[in-house]
Amino acid sequence: MPKPIYKTYQAKAVLNIHKHCDGGWFWNKYSAFPYVGCEWGCEYCYSRDEKYNPHRPFQDPQVSKFDDAFSQYIKVKENAPELLRKALKNKPRDLIYLDNYQPIEAKYSYVRKMLEVCFELGFPVFINEKSPMLLRDLDVLKKIAEKSYLNVGWSIITTKDDRTRLIFEPRAPPVSARFAAMRKLAENKIITGTVFMPILPSIYDAEENIEAVIKKTEECGGQYVLDGGLTLWGYCKTHFYKALKTYDPALITKYDELYGNPKLLAEHTKSVHQLVVKYCQKYKVMPYIPRPIEIYPKELQINKKIAEKFYLKAREFQMSGQSGYREWTYRKAAWSLDDLEESVKEILQKQGIDGTRQIKGVGKSLGEQIKEFLSGIT
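Owing to the predicted nature of the structure, the values given are computational and were not obtained by experimental measurement.

(A) Here's a closer look at helix 14 (residues 344-351). Three or more residues of helix 14 are buried, namely Val344, Ile347 and Leu348. Down the axis of helix 14, the buried set is contained in an arc of 95 degrees. They therefore lie on one face. Of the exposed residues in helix 14, the ones pointing more than 90 degrees away from its buried face are Gln349 and Lys350. The elements touched by buried residues of helix 14 are helix 12 (301-319), helix 13 (325-339), helix 15 (353-356) and helix 16 (364-375).

Quick look at the structure:
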């Protein structure tokens, strides 16, 4: 495989501010990345999709020179740490998603410098990672964990470093090294676990593989396993099918049938998720990432906690193949609770159940659920 080409440049911005937090998943409100593209080149990565991939020929003609610009043409934001400091200085404290420790980080250390900014300004951090290079910065990671909050999720889809993994993760570090790094973080009392995404149909969705990943996570001190499926549309699909053809050409027809039939895909998603939940229960790890409620102002923590419950209900509907009205009912109510500047507990005390129904997206049923939750903690 050809070595990546690097290009340094002065970025105009580095901080992404999302309208809503990534509820039920990583929980981040912000995200920031010092590098554009990723050397690991995992064949399933959804970041190649036109919606996310910033490698656009009309913006940078060099892109068209590469077979896979996403993994072969890495752009380095040489002012990323300074931009992050400036952007966060007057922002409300919330969770920020940082990455990534790809090989070029060994030269520039921009992820470390951005972590130092987060530590100094008191911002909590979530990292989704594949590289044990992260342990180089254990000193600053421990400081963030002690001062605010830190969670490192390891991107892992199998326990075996065999030919199959190398087809789909051609340049990524061995999974054995990722589990070893997970263990090291756990030993240092840092929250960590497995981001089990994507669970590739007919490749890594066998019960044996699912149990092995969850068991190994528990053995290495991981507290959770967060599962998810494969993004398969647009250029993501075109690129992934090249790897799928290398692995087993017969699977292309199966994938077309699965992803071309929403009902069949929903059933598959549900069955895989049920297996994940089953083995998370067996090995006593959580099948989701808990929300870091303590990072928010004390008077709003109850709102965030109830929103967490609603976000997780929405995610369960999604992962159980029931994405639709019920999922969005809970999700929209969670958005409103997150945006609420007054404690929902005080609203209930002053106005009763009718007060909760004034919150956008909260009807009679969800109002009763809020009341029941609050009565259970008072």
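(B) The packing of aromatic side chains, seen in detail. Following the criterion strictly, the structure yields 16 aromatic pairs and no others. Ring plane angle 70 degrees and centroid distance 5.5 Å describe the contact between phenylalanine 310 and tyrosine 330, whose orientation is recorded as edge-to-face. Residue phenylalanine 310 is found in helix 12, and its partner tyrosine 330 is found in helix 13; the two are separated by 20 residues along the sequence. Just as phenylalanine 310 is buried, tyrosine 330 falls in that class too. Connected via pairs of aromatic rings, a cluster forms that spans Phe168, Phe240, Tyr247, Tyr255 and Tyr259. The ring centre of tryptophan 328 lies 5.4 Å from the NZ or CZ of arginine 331, which sits over that ring.

(C) Representation of the side chain of serine 148. Here serine 148 lies in the loop between helix 5 (138-147) and strand 8 (150-155). A distance of 3.5 Å separates a polar atom in the side chain of serine 148 from the backbone oxygen of phenylalanine 123.

(D) Representation of the pairing of strand 8. Most of strand 8 is tucked away: six of the six residues are buried. The side-chain alternation of strand 8 yields two buried faces, one formed by Leu150, Val152 and Trp154 and the other by Asn151, Gly153 and Ser155. Pairing of strand 7 (residues 125-129) with strand 8, which is carried by five bridges, proceeds in the parallel orientation. Of the residues in strand 8, the one forming a bridge with isoleucine 127 is valine 152. Sheet topology places strand 8 next to strand 9 (residues 191-196); five bridges connect them, and they run parallel.

(E) Region of interest: the nonpolar core. Ranked by internal contacts, the top residues of the largest apolar core, which has 77 residues, are Leu84, Ile96, Leu115, Leu200, Phe240 and Tyr255. The contacts of leucine 200, once residues within four sequence positions are left out, are Tyr44, Ile157, Phe168, Asp205, Leu230, Phe240 and Tyr255. In this structure, Trp25, Phe26, Ala333 and Ile359 belong to the second largest nonpolar core, which totals 38 residues.

(F) Focus on the sheet that holds strand 6 (residues 96-98). Ordered in space as 2-3-6-7-8-9-10, the seven strands form an open sheet in which the pairing is mixed. Across the chains shown, the open sheet's two edge strands, defined by having one partner strand only, are strand 2 (15-17) and strand 10 (225-227). Put simply, the sheet's adjacent strands are angled 25 degrees from each other on average, direction ignored. The sheet contact formed by strand 9 and strand 10 spans three bridges and is parallel. Across the sheet, valine 195 pairs through a bridge with leucine 226, a residue of strand 10. Contacting strand 3 (30-32), strand 6 and strand 7, helix 4 (residues 110-121) crosses the sheet at an angle of about 160 degrees to strand 6. On the sheet, helix 8 (residues 207-219) packs against strand 9 and strand 10 and is oriented at approximately 170 degrees with respect to strand 9.

(G) View of the pattern of salt bridges. One pass over the structure, following the stated rule, counts 19 salt bridges. The shortest N-O distance in the salt bridge between arginine 48 and aspartate 68 comes to 2.8 Å. With arginine 48 in the loop between strand 4 (35-36) and helix 1 (69-72) and aspartate 68 in the loop between strand 4 and helix 1, this pair connects stretches of sequence that are 20 residues apart. The same class applies to arginine 48 as to aspartate 68, namely buried. As a salt-bridge pair, glutamate 105 and arginine 136 come within 2.7 Å of each other at their nearest N and O atoms. Separated by 31 residues along the polypeptide, glutamate 105 in helix 3 (residues 105-108) and arginine 136 in the loop between strand 7 and helix 5 bring together distant segments of the chain.

How each quantity is defined
Residues numbered from 1 in each chain as written. Predicted model: local features only at pLDDT ≥ 70, side-chain atom pairs only at ≥ 80, totals over all residues. Heavy atoms only, no water. Buried < 20%, exposed > 50% of the residue type's maximum accessible area, 1.4 Å probe, protein only. Helix = DSSP H or I, 4+ residues; strand = E, 2+ residues; numbered from the N terminus. Arc of directions from axis to C-beta. Contact = heavy atoms within 4.5 Å. Phe/Tyr/Trp six-rings, centres within 6.5 Å; stacked < 30°, edge-to-face > 60°. Lys NZ or Arg CZ within 6 Å of the ring centre and 35° of its normal. Polar contact = N/O pair within 3.5 Å; in protein donor to acceptor, adjacent residues only side chain to side chain. Pairing = 2+ DSSP bridges. Core = buried A, V, L, I, M, F, W, Y, C linked by side-chain atoms within 4.5 Å. Axes fitted to C-alpha atoms, helices over the stretch in contact; angles between N-to-C directions. Salt bridge = Lys/Arg side-chain N within 4 Å of Asp/Glu carboxyl O.

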